[in-house]
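A structural walkthrough
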Amino acid sequence: MATWRMGTSRPADDTTSRSNPELSHRVRSLVFLPAVSAVTRPAVSANGLVPSLEICGLHKSFGPLEVLKGVDLKVAHSELVFVLGPSGSGKSTMLRCCNRLEEPDFGEIFIEGDLITGRGVNLNAIRQRIGMVFQAFNLYPHLSARKNVTLALRKVRGMRWDESNAHAMEALDQVGLADKAESYPSELSGGQQQRVAIARALALEPQVMLFDEPTSALDPELVGDVLEVMRNMKAAGMTMLVVSHEMNFAREAADRVIFMDQGQIVEQGLPAEVFGFPRHERTRAFLSRVKGM
Amino acid sequence: MDQWDRFIETFFNSTVLSKYAPSILEGVWVTIELSLLIVIVGVVLGTFLALLRAYENHFLSFLIVVFADIFRAVPPLVLILIVFFGLPNAGIFLSSFLVLFLVLMLILAAFSEEIIWAGITSVDRGQWEAARSTGLGFTQALVWVALPQATRMAIPPLTNRAIAITKMTALGTVIGVPDILNQATTAQSFSGNASPLMLAAIAYVLLFLPLVVMSRWLEHRFAWRKA
Ligand SMILES: Nc1ncnc2c1ncn2[C@@H]1O[C@H](COP(=O)(O)OP(=O)(O)OP(=O)(O)O)[C@@H](O)[C@H]1O
Ligand SMILES: [Mg+2]
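Treat the numbers as computed from the prediction; the structure is a model and nothing was measured.

1. Concerning the site of ligand 1
All names here are of chain A. Taken together, Phe62, Leu65, Val67, Pro86, Ser87, Gly88, Ser89, Gly90, Lys91, Ser92, Thr93 and Glu213 make up the full set of residues near ligand 1. A distance of 2.6 Å separates an oxygen atom of ligand 1 from a polar side-chain atom of serine 87. Lysine 91 places a side-chain nitrogen or oxygen 2.8 Å from an oxygen atom of ligand 1. Mapped by element, the contributors of at least two residues to the shell around ligand 1 are strand S2 (65-75) and helix H2 (91-98). With 3 residues, the single largest contributor to the shell around ligand 1 is H2. For the shell around ligand 1, the per-class residue count stands at 4 nonpolar, 6 polar and 2 charged.

See below:
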């Protein structure tokens, strides 16, 4: 696996940027009380006082089915938040609301203090700031790994051919696949495909990365490579919201674990707390079921 | 003269063949020209209509569906006759070449639209989500992600359809387009001999056999490369 270039600039155990949630909320409120346009970027966002991602009172229904019943969540700079919960609890829906693949019914979502919900937000602009990795990889089968990465760079960022290629090769190098740049998705293993998909999102230099069960479709022996890439991203200071069933990864890499059930965050805390001493009955039931498997 | 000689005399008469070969060759060029025009314009128009339909504007989609259904349902000869003999009554005079081109091109456009639309709808939803999540707009995702995959799926049926419709250029004979078949039937009536028709059949084989072989190759290739 290639060395992690971004990692050299920041130590792996950088916790100084972790914000005080109370304070940051107040700062955000001060800056944004009269809901100003999303293009405004407060200066405080750079020093970590404003959460990278903030979800306030998120509601979402599909017809009569209420999937999210008021979710509040703040993810600080460089924090890795791990989300678990039973099937159908709304984990994917919450993630998909964060880049508005799903349109929230109520609630607000902020990226680095910028409101991204509501009308008048440039969707294509904010989506570049939020990378998303899917369970099914969703690589473009008609394009090589390199072109999978360059497409958005050229069409959205307006980069020239050579510039986008240099950028793509750097991103592929970060996931250890520079030598597979000209391979097509059908020629790559599942783990390699998922790493290309991560490179595709990374190349846009997002401020937050969302992972929806990134390793669930992989053979067990391929899971490690993808988790390794995610660990490196974490070490490089990326803000990450990860839905997954990889409990061991959560124990070792997550700053916080969130347990969701029936459209609500039931419990959260340090991995050791949530896994070791779950406070809620539903969390205990879920964990014992998962461990029993 | 035995049976065999009579057969050769009727279908492969060398004097008739050499006399009328040049005029049939002229017909070959007309057929090639027509076919190329029909395929290029028809497929481009059909693709454009399929892309338009992707925007899911109810009114536009309705018009496109009506167009596609009519042009796929009515027999081509009927359309050719209606346009060729009907339009002059409305004061519009088009050459027989133009009428044949327009009708067959629109029929191919109708089929192409349906085939490519089917391709677009079968592109996995995850492809769209991946494209949109990286900031591509709807049109960009449609053109750079969905359309290439739709085209790949569409190529085998599209090739078959294009061959079937360019073969219908032979219908131009009834309205006087100087294509292969028309040149051959003219020669046949002048010479009172079927050899020109035989030559026409050979010309069609030489023209279309490579295409048929290519379509089989494409079908094979695209089935195999599927990701
Ligand atoms: N587009 C949709 N239309 C209708 N219902 C939906 C849609 N998307 C999700 N749902 C429903 O919303 C509920 C929550 O789905 P979601 O995918 O968020 O759950 P999840 O926690 O990610 O579950 P899993 O662990 O199985 O992925 C489910 O009952 C699902 O059937
Ligand atoms: Mg899910």
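Continuing now.
2. Observations regarding the confidence of the model for chain B
The predicted model of chain B averages 92 in pLDDT, with 97% of residues at 70 or higher. Scoring the predicted complex yields pTM 0.85 and, for the interface, ipTM 0.84.

3. Things to note about the nonpolar core
Across soluble globular proteins, nonpolar side chains have a tendency to be buried as a group. A:Met94, A:Ile198 and A:Leu241 are the most contacted members of the largest nonpolar core, which has 103 residues in total. If sequence neighbours within four positions are ignored, A:Ile198 has contacts with A:Val133, A:Val175, A:Met209, A:Phe211, A:Val226, A:Val229, A:Met230 and A:Met233. B:Val30, B:Phe71, B:Ile80 and B:Ala110 belong to the second largest nonpolar core, which has 25 residues in total.

4. Here we look at the sheet that holds strand S7 (residues 208-212) of chain A
All names here are of chain A. Reading across from one edge, S6-S7-S8-S3-S9-S10 is the order of the 6 strands in this open sheet, with mixed pairing throughout. Single-partner strands in this sheet number two, and they are strand S6 (130-133) and strand S10 (264-269). The average angle at which neighbouring strand axes cross in this sheet is 20°, direction not considered. In the sheet, strand S9 (residues 256-261) pairs with S10 via 5 bridges, with the strands oriented antiparallel. Bridge pairing links aspartate 261 to glutamine 264 in S10. The strands touched by H2 are strand S3 (80-84), S6, S7, strand S8 (239-243) and S9; relative to S7, the strand with the most contacts, the crossing angle is about 150°.

5. A short note on helix H4 (residues 145-155) of chain A
Judged by how many residues are buried, H4(A) sits mostly within the fold: 8 of 11 residues are covered. Taken as a whole, H4(A) has its buried residues at A:Ala145, A:Arg146, A:Asn148, A:Val149, A:Thr150, A:Leu151, A:Ala152 and A:Leu153. Lining the buried residues of H4(A) we find helix H5 (161-174) and helix H6 (190-202) of chain A together with helix H7 (138-167) of chain B.

6. Side note on a nonpolar patch on the surface
Residue and element names in this part refer to chain B. Where nonpolar side chains cluster on the molecular surface, the patch consists of Trp4, Phe7, Ile8, Phe12, Ile202 and Leu206 and spans about 600 Å² of accessible area. Only helix H1 (3-11) and helix H9 (195-224) provide two or more residues apiece to the nonpolar patch. Per-element tally for the nonpolar patch: the top contributor is H1, with 3 residues. Within the element layout of this structure, tryptophan 4 appears in helix H1.

7. Thoughts on the sheet that holds S2(A)
Residues and elements named next belong to chain A. With antiparallel pairing, 4 strands are arranged side by side in an open sheet as S2-S1-S4-S5. The open sheet has two edge strands, S2 and strand S5 (114-115), and neither has a second partner. Sheet strands touched by H2: strand S1 (53-62), S2 and strand S4 (106-111). Its angle to S1, the strand with the most contacts, is close to 120°.

8. Re the interface of chain B and chain A
Every contact between the two is made by 20 residues of chain B and, on the other side, 22 residues of chain A. Of all residues in chain B, B:Ser133, B:Thr134 and B:Trp144 bury the most surface against chain A, accounting for 28% of the area lost on that side. For the pair chain B and chain A, the interface holds 1 salt bridge. One salt bridge in this structure joins A:Arg96 and B:Glu129, with 2.9 Å as the shortest N-O distance. Between the two partners, chain B and chain A, sit 5 residue pairs in polar contact (both at pLDDT 80 or more). Among the secondary structure elements, those contributing two or more residues to the side of chain B that touches chain A are helix H6 (125-133) and H7 of chain B. Top element by residues in the side of chain B that touches chain A is H6(B). It accounts for 8 residues.

9. Description of unusual backbone geometry
Residue and element names in this part refer to chain A. Despite not being glycine, glutamate 112 has its phi angle at roughly 50°, a positive value. With respect to the helices and strands, the residue glutamate 112 is situated in the loop between S4 and S5. Residue class for glutamate 112 comes out buried when judged on its relative accessible area of 5%. Backbone geometry at glutamate 205 places phi at a positive 50°, although glycine is not the residue there. Take glutamate 205: it is sitting in the loop between H6 and S7. Assessed through its relative accessible area of 54%, glutamate 205 is described here as exposed.

Cut-offs and rules
- Residues numbered from 1 in each chain as written.
- Chains lettered and ligands numbered in written order.
- Predicted model: local features only at pLDDT ≥ 70, side-chain atom pairs only at ≥ 80, totals over all residues.
- Heavy atoms only, no water.
- Near = heavy atom within 4 Å.
- Polar contact = N/O pair within 3.5 Å; in protein donor to acceptor, adjacent residues only side chain to side chain.
- Helix = DSSP H or I, 4+ residues; strand = E, 2+ residues; numbered from the N terminus.
- Nonpolar A, V, L, I, M, F, W, Y, C, P; charged D, E, K, R; others polar.
- pLDDT = per-residue confidence, 0-100.
- Core = buried A, V, L, I, M, F, W, Y, C linked by side-chain atoms within 4.5 Å.
- Buried < 20%, exposed > 50% of the residue type's maximum accessible area, 1.4 Å probe, protein only.
- Contact = heavy atoms within 4.5 Å.
- Pairing = 2+ DSSP bridges.
- Axes fitted to C-alpha atoms, helices over the stretch in contact; angles between N-to-C directions.
- Patch = residues over 30% accessible without salt bridge, like charges linked within 9 Å, V, L, I, M, F, W, Y side chains within 5 Å.
- Areas by Shrake-Rupley, 256 points an atom, 1.4 Å probe, with all protein chains shown as cover.
- Salt bridge = Lys/Arg side-chain N within 4 Å of Asp/Glu carboxyl O.
- Buried area = accessible area lost by both parts, 1.4 Å probe.

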